[in-house]
Amino acid sequence: MAIARCCVALLLLVVLVAAGSAAAAADQLRVDYYRETCPNVEAIVRDEMEKIIGAAPSLAGPLLRLHFHDCFVRGCDASVLLSSTAGNVAERDAKPNKSLRGFGSVERVKARLEAACPGTVSCADVLTLMARDAVVLARGPTWPVALGRRDGRVSAAGEAAASLPPADGDIATLLRIFAANDLDIKDLAVLSGAHTLGTAHCPSYAGRLYNFTGKNDADPSLDGEYAGRLRARCASATDESGMISEMDPGSYKTFDTSYYRHVAKRRGLFSSDASLLTDATTRDYVRRIATGKFDAEFFSDFGESMTKMGNVQVLTGEEGEIRKKCYVINS
Ligand code: HEM
């Protein structure tokens, strides 16, 4: 009994120390981190982002998603950007990452920063700033981004497959995965609002349209009329035609609160979106923001939750490296 108590205490201590050091690492990030070494970093990223989004507004969603997929696997260390090598299949080649886009845009911004301040600004910081600017340029909120993340040297496809939330996840699964990243139930409700931007491929939601309960039926939690419209864009559960659907139909290039109105009307595209209606806390949040009377509240919440997400398991100080190119570790 005494031994069991001692082990529990030890485990608790390990968890507390780990949580404490993760928080301590994030505490080292600073908004003016590059004040001496690359004072124009934010202006350079913003200038290049204006060109990128100006030429292709539909890239705002993918660039926001890249940061999310980076942070949930090994923390925000730009591991998602590394290419596979002869002996290693990297995160970006894992199944849930096959639909990621925007890698070329990240290299473009990084190249501008390398020209201005060589070997100084990490790819992890570049991703974080690009995600924020993508939201701003899609007419969403802005928030201060603390900087000083360093880049990791490891990227493994298996870790991505195990750590990213599945589109068919229920609320318990999503909460567990968010909690593993120090994100709580409110963060889940708020960050799901990122699905106001972007598009999805048929395999991400086809499971809800065909043979959901084995009776050749659709997911009963999905609005019937909407399911019919989706079936027209997604011919079967195995449709690989590559056709895309807007996740926030009508305003998928604009960051706004209409995502919550779709979810409230049982028109969220993924099971994960629909699952927000299955818990009292997330359901209340969806319904409140869906009224359209609390847009400013959602905007401010989104900045706060993005800041928390951008702090997940960051590398700081002497950890990791500052990559010269984001797709490959320094030799
Ligand atoms: C709550 C758990 C989440 C799940 C299960 C999920 C799942 C997905 C899936 C399956 C897609 C579509 C992929 C495709 O078929 O092309 C997608 C797209 C997207 N996700 Fe999420 N996501 C989640 C949370 C988030 C978060 C936290 C963010 C950002 C903060 C985010 C941002 C996006 C964006 C912007 C897109 C559109 C990308 C594009 O246009 O290519 N998602 N998500």
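What you see is a predicted model, and the numbers here were worked out from it, not measured in a lab.

It is worth spelling out the overall build of the protein chain at this point. Regarding its fold elements, the protein chain presents 13 helices and two strands. Taken over C-alpha atoms, the radius of gyration comes to 20 Å for the protein chain, in line with the 20 Å a tight globule of 331 residues would show. Across its three principal directions, the C-alpha atoms of the protein chain cover 65 × 60 × 50 Å. Looking at the 331 residues of the protein chain, the share that counts as buried comes to 47%.

This part covers the side chain of Arg323. Mapped onto the elements of the fold, Arg323 is located in the segment after α13 (295–310). The buried charged residue Arg323 lacks any salt bridge partner; its closest oppositely charged side chain belongs to Glu321, at an N-O distance of 4.4 Å. Among the polar contacts made by the side chain of Arg323, one reaches the main-chain carbonyl oxygen of Asp77 at a distance of 3.3 Å. Separated by 2.9 Å, the side chain of Arg323 and the backbone oxygen of Gly152 make a polar contact.

Within the UniProt annotation, "active site" (unreviewed entry) is assigned to His69. On the secondary structure map, His69 appears in helix α3 (residues 60–71). For His69, the residues in contact, after removing those within four places along its chain, are Val80, Glu91, Pro96, Asn97, Leu100 and Leu164.

We now examine the UniProt feature "binding site: Ca(2+) 1" (unreviewed entry) in the protein chain. Annotation from UniProt places "binding site: Ca(2+) 1" (unreviewed entry) at Asp70, Val73, Gly75, Asp77, Ser79 and Glu91. A compact arrangement is adopted by the annotated residues: their sequence extent is 22 residues, whereas the largest C-alpha distance between any two is 12.5 Å. Counting through the fold element by element, Asp70 comes out in helix α3. The exposure class of Asp70 is buried, given its relative accessible area of 0%. By the secondary structure assignment, Glu91 is in the loop between α3 and α4 (103–116). Here the side chain of Glu91 touches Val80 through a polar contact of 3.3 Å, landing on its backbone nitrogen.

On to a nonpolar patch on the surface, then. Together, Tyr327, Val328 and Ile329 line one region of the surface with nonpolar side chains, adding up to about 230 Å² of accessible area. Tracing the sequence through the fold places Val328 in the segment after α13. Residue classification places Val328 among the partly exposed positions, given a relative accessible area of 38%.

On to the site of the ligand. In the vicinity of the ligand, 24 residues are found, and the nearest of them are Gly61, His195, Thr199, His201 and Ser204. Contacts to the ligand include Thr199, whose backbone N or O atom sits 2.9 Å from an oxygen atom. Within the side chain of His201, a nitrogen or oxygen atom sits 2.7 Å from an oxygen atom of the ligand. Those elements that place two or more of their residues in the shell around the ligand are α3, α8 (185–191) and β1 (199–201). For the shell around the ligand, the element with the most residues is α3, which contributes four residues. Its residues assigned to classes, the shell around the ligand comprises 14 nonpolar, nine polar and one charged. When residues are assigned to domains, the shell around the ligand turns out to be shared by domain 1 (41–164) and domain 2 (171–309), each giving three or more.

Reading the values: rules and limits
Residues numbered from 1 in each chain as written. Predicted model: local features only at pLDDT ≥ 70, side-chain atom pairs only at ≥ 80, totals over all residues. Heavy atoms only, no water. Helix = DSSP H or I, 4+ residues; strand = E, 2+ residues; numbered from the N terminus. Rg over C-alpha atoms; globule rule 2.2 N^0.38 Å. Buried < 20%, exposed > 50% of the residue type's maximum accessible area, 1.4 Å probe, protein only. Lys, Arg positive; Asp, Glu negative; His and termini not counted. Salt bridge = Lys/Arg side-chain N within 4 Å of Asp/Glu carboxyl O. Polar contact = N/O pair within 3.5 Å; in protein donor to acceptor, adjacent residues only side chain to side chain. UniProt positions renumbered as here; feature names shortened; annotations may be inferred. Contact = heavy atoms within 4.5 Å. Patch = residues over 30% accessible without salt bridge, like charges linked within 9 Å, V, L, I, M, F, W, Y side chains within 5 Å. Areas by Shrake-Rupley, 256 points an atom, 1.4 Å probe, with all protein chains shown as cover. Near = heavy atom within 4 Å. Nonpolar A, V, L, I, M, F, W, Y, C, P; charged D, E, K, R; others polar. Domains from an automatic or database assignment.

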